[in-house]
Amino acid sequence: MAVKLPIYMDYHATTPVDPRVLEAMLPYFTQNFGNAASRNHSFGWTAEEGVENARAQIASLVGASPKEIIFTSGATESNNLAIKGVAEMYREKGNHIITQVTEHKAVLDTCKRLEKAGCEVTYLPVEKDGRINLDDLRRAITPKTILISIMYANNEIGVVQPIAEIGKIAKEKGIFFHVDGVQAVGKIPVDVQKDNIDLLSISAHKLYGPKGVGALYVRRRNPRVQLAAIIDGGGHERGMRSGTLNVTGIVGFGKACELCQNEMAEESARLSRLRDRLKANFFGKLDEIFVNGSLSERLPHNLNISFAYVEGESLLMGINDVAVSSGSACTSATLEPSYVLKALGVGEDLAHTSIRFGLGRFTTQEEVDYVADRVIETVVRLRELSPLYEMAKEGVDISKMQWSASAGAEH
Amino acid sequence: MAYSDKVVDHYNNPRNVGSLDKNDPNVGTGLVGAPECGDVMKLQMKVNPQTQVIEEAKFKTFGCGSAIASSSLATEWVKGKTVEEALAIKNTEIVKELSLPPVKIHCSVLAEDAIKAALNDWKKKQASDAAAQPAAAAQQ
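Residues numbered from 1 in each chain as written. Chains lettered and ligands numbered in written order. Predicted model: local features only at pLDDT ≥ 70, side-chain atom pairs only at ≥ 80, totals over all residues.

Across its full length, chain A carries 13 helices and 13 strands. Taken over C-alpha atoms, the radius of gyration comes to 23 Å for chain A, in line with the 22 Å a tight globule of 411 residues would show. With 411 residues in all, chain A has 51% of them scored as buried. Summarising the internal contacts of chain A: among those between residues at least 6 apart in sequence, 72% fall at separations of at least 24. (Helix = DSSP H or I, 4+ residues; strand = E, 2+ residues; numbered from the N terminus. Rg over C-alpha atoms; globule rule 2.2 N^0.38 Å. Buried ≥ 20, exposed ≤ 12 C-beta atoms within 10 Å, placed from the backbone. Contact = placed C-beta atoms within 7 Å.)

Residues and elements named next belong to chain A. Within the open sheet, the four strands sit side by side as β9-β10-β13-β12. Their pairing is antiparallel. The open sheet has two edge strands with one neighbour each: β9 (289-291) and β12 (325-326). Where β9 lies against strand β10 (residues 302-307), three bridges are found, and the strand directions are antiparallel. Among the inter-strand pairings, Val291 is bridged to a residue of β10, identified as Ile305. (Pairing = 2+ DSSP bridges.)

As a further point, take the sheet that holds strand β7 (residues 199-203) of chain A. All names here are of chain A. Read across the sheet, seven strands follow the order β2-β8-β7-β6-β5-β3-β4 without closing on themselves; strand pairing throughout is mixed. In this open sheet, the two strands that pair with only one neighbour each are β2 (69-72) and β4 (120-124). Adjacent strand axes in the sheet meet at a mean angle of 20°, parallel and antiparallel pairs treated alike. Here strand β3 (residues 96-100) pairs with strand β5 (residues 145-149) via three bridges, running parallel. Its bridge partner being in β5, Ile98 is matched across the sheet by Ile148. (Axes fitted to C-alpha atoms, helices over the stretch in contact; angles between N-to-C directions.)

For the rest of this paragraph, the subject is the interface of chain A and chain B. Contact with chain A, which involves 26 residues of that partner, is made by 26 residues of chain B. The set of elements that each furnish at least two residues to the side of chain A that touches chain B consists of α9 (312-318), α11 (348-351), α12 (365-385) and α13 (387-394) of chain A.

Let us now look at the confidence of the model for chain A. On average, chain A scores 95 in pLDDT, and the residues at 70 or more come to 97%. The low-confidence segment residues 406-411 of chain A, where pLDDT is below 50, has 17 contacts with residues more than four positions distant or belonging to other chains. (pLDDT = per-residue confidence, 0-100.)

With that settled, consider the packing of helix α2 (residues 65-78) of chain B against helix α4 (residues 91-98) of chain B. If you want to describe how two helices pack, look at the angle between their axes and the distance between the axes. Residue and element names in this part refer to chain B. In the contact formed by α2 and α4, the axes pass within 10 Å of each other and the chain directions differ by 115°. Here α2 is positioned roughly perpendicular relative to α4, judged by the angle of their axes. For the crossing formed where α2 meets α4, the hand is right-handed. Taken together, the residues of α4 that come into contact with α2 (itself represented by Ser66, Ala69, Ser70 and Leu73) are Ile94, Glu97 and Leu98. (Parallel < 35°, antiparallel > 145°, perpendicular 65-115°, else oblique. Left-handed = near helix turned anticlockwise from the far one by under 90°.)

Next up on the list: unusual backbone geometry. For the bond running from A:Leu5 to A:Pro6, omega is -5°, close enough to zero to count as cis. On the secondary structure map, A:Pro6 appears in the segment before β1 (7-8). For the bond from A:Asn222 to A:Pro223, the omega torsion is 0°, close enough to zero to count as cis. For A:Pro223, the location among the structural elements is in the loop between β8 (214-218) and α8 (247-285). Even without glycine at this site, A:Arg238 takes up a positive phi of about 55°. Tracing the sequence through the fold places A:Arg238 in the loop between β8 and α8. One non-glycine residue, B:Gln52, lies in the positive phi region at around 60°. If you trace the backbone, B:Gln52 turns up in the loop between β2 (39-47) and β3 (54-62).

Another point: α13(A). Looking at α13(A), one finds that the buried residues are A:Pro387, A:Leu388, A:Tyr389 and A:Met391. Looking at the buried positions of α13(A), the neighbouring elements they touch are α12 of chain A together with β1 (27-34), β2 and β3 of chain B. Looking one or two residues beyond α13(A), the residue adopting positive phi is A:Gly395, at roughly 95°.

Turning our attention to the domain arrangement of chain A. All names here are of chain A. Segmentation of chain A into domains returns domain 1 (7-11 + 265-398) and domain 2 (19-260). Counting from both sides, the interface comprises 18 residues of domain 1 and, opposite them, 19 residues of domain 2. Of all elements in the fold, only β10 and α10 (339-343) reach the threshold of two or more residues within the side of domain 1 that touches domain 2. The residue makeup of the side of domain 1 that touches domain 2, split by class, is four nonpolar, 10 polar and four charged. (Domains from an automatic or database assignment. Nonpolar A, V, L, I, M, F, W, Y, C, P; charged D, E, K, R; others polar.)

Turning our attention to the pairing of β1(B). Residues and elements named next belong to chain B. Summarising burial for β1: seven of the eight residues are buried, a large majority. Pairing between β1 and β2: eight bridges, direction antiparallel. Paired with Ala34 across the strands is Asp39, a residue of β2. Counted along the chain from β1 to the antiparallel partner β2, the turn is four residues long, and its residue Gly38 has a positive phi close to 80°.

Right, here's the structure in full:
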C-alpha cells in the first residue's frame, strides 16, 4: 500500500477533524443554527440541546459532571481563565502560584502577567526526565499559595507529570490544582476525581475536533471553585464566560470526546506500537541520536529525538513531504531554541537538532516506515555536510572548543 | 516560510561539499559560528600563491537550509576570484541572490565571515612561510 503524500506526523500541533465529528456538526450550520441562549423558540432549544449533549460527552470523558464544564474559545483561553480567575477571586486568601518551567506559554505568559500585577510565582524546575520533583513542590508551598498549575503531558516531549500525586498534595494543603490537559485528554485516562483535579483545560482541535473551541472543567464540590470571569457580557456559562456559544464547534467537540472515550484504549495501544517501531527504526540505523525526556512516563504517540550534528530546520527541509516539528531556533518565530529542552538540561547544540514526531488516529504503519527511511537518509546526507560530524569522527571534543562568531575558531 | 528556489537548489545540490587538506600551505580554513547558535560553517580555499587566485573551495555547514545555501553559494563565488576580490564579497549580495528573508540575513553574514576567516588564515600562513624563508635562504 503506497503512502499518500504529504504525510502528517505533527498531531501535537493539531489534528484533522474526524469525519464522524464533521458529520455531527453539519446540521448545526444551516438547519439547527439557533443561538443556544434563545430561550423562547425551538431554534434556540434545539441548539441548546446540542450543547448540553456535548457538555455531557465531554464531562464523561474526564469523570466530571456536565455542570462543571464551561465552554471557551480554546485551551489558551481556558488556561487564562483558570489562572487569572482564581488569582482574582482568592486574592484575599493569598497571591502565590506554583507552576513549572516546561508549561505551555499560555500558562507561563499568564503567570508573568500576574507577576507584574503583584502575584508571586514559583516556577519549579524539572529533572532530566522532564518531570517535576514532588519534594520541590512540597517545599515551595507557603501559607499564601492559592493555586498549583501543572500540565498533564507536555506538548513537545510528551512527558507525563505525576498528576495524581500532585493532586493529593494540593488537596492535603487545601490549594486548588489546575491542570492543562490539552495533550492528555482523549489520549490517556484523565479522571478529575481520581487525580484530585480542580480545574482542567481541554482543547477540541487536539482530539480530532474543530479549532476555535475548548473547555474548562471547574470543580463544584469538594471543594467548590469560584472564578472571576475574564470576559464580561451576557453572563453565559454560569457567569464564568460570556459570549454566544460556538454551537457547531461545541457539538463537534462533544462528538470528538465521545469517540475518544470509546476508542482510546485500542488507539493508544496501536499508536504506542507504531511509535516504538519508529524509534526502533531510527536506533537501528543511526548512531549519536538521543530521546529527549522520559521514555516510560510519556504519551504513547510522542517521540522527540535529537539527531546530533544535524540542524533541525535543515532536516525538516530534507523531508519536505513529511510534517513534523523541531526544537531548533531556526524553526521558531523568535529564533530561540526550545525552552522545554533547555529545561531538561539538553545542550543548546542538541536542542537545535531535535525533531518532534506526533502520531495520531490516521497514522499508518506504512507512513511510519516511510518517515523513518526519509529521516534516516536525510540525516546521513546532512552529516556528510556537517563540519561537526566530521570533527566528531576525527575525535575532536567539540565541547572543549572555543567558538567565535567570526575570524575562525581556536582549537 | 517558503524557501526561494535558489535556496532549495543549493540545499538539494550543494556545490563543493567536502574538505581540503588544512595542512597544505596554500589552503586557508575558516571555521565560524557556534553549535549553540545552530550555525557552524567551515569554508576552505586553495589559493595559488603566485596569482593570488582562488583555485578551489570546499565547505561544510551545520545549519538551516539558508545557511547551507549561503555557504554553498560562497564557494561558487570565490572560485576564480583573487583573494582581494573574494574579501570584497558582501553578505547583502548573498541575501539578494538567494532572496533571503529578514530572519535569515544572519546566515549570509556568517558566510561572509567564513570567507574572510578562510582568507585571513591563508594570509597568516603565507606570512609565516615568508618569515621562515629568508632564514632558510641564509642558511644555504
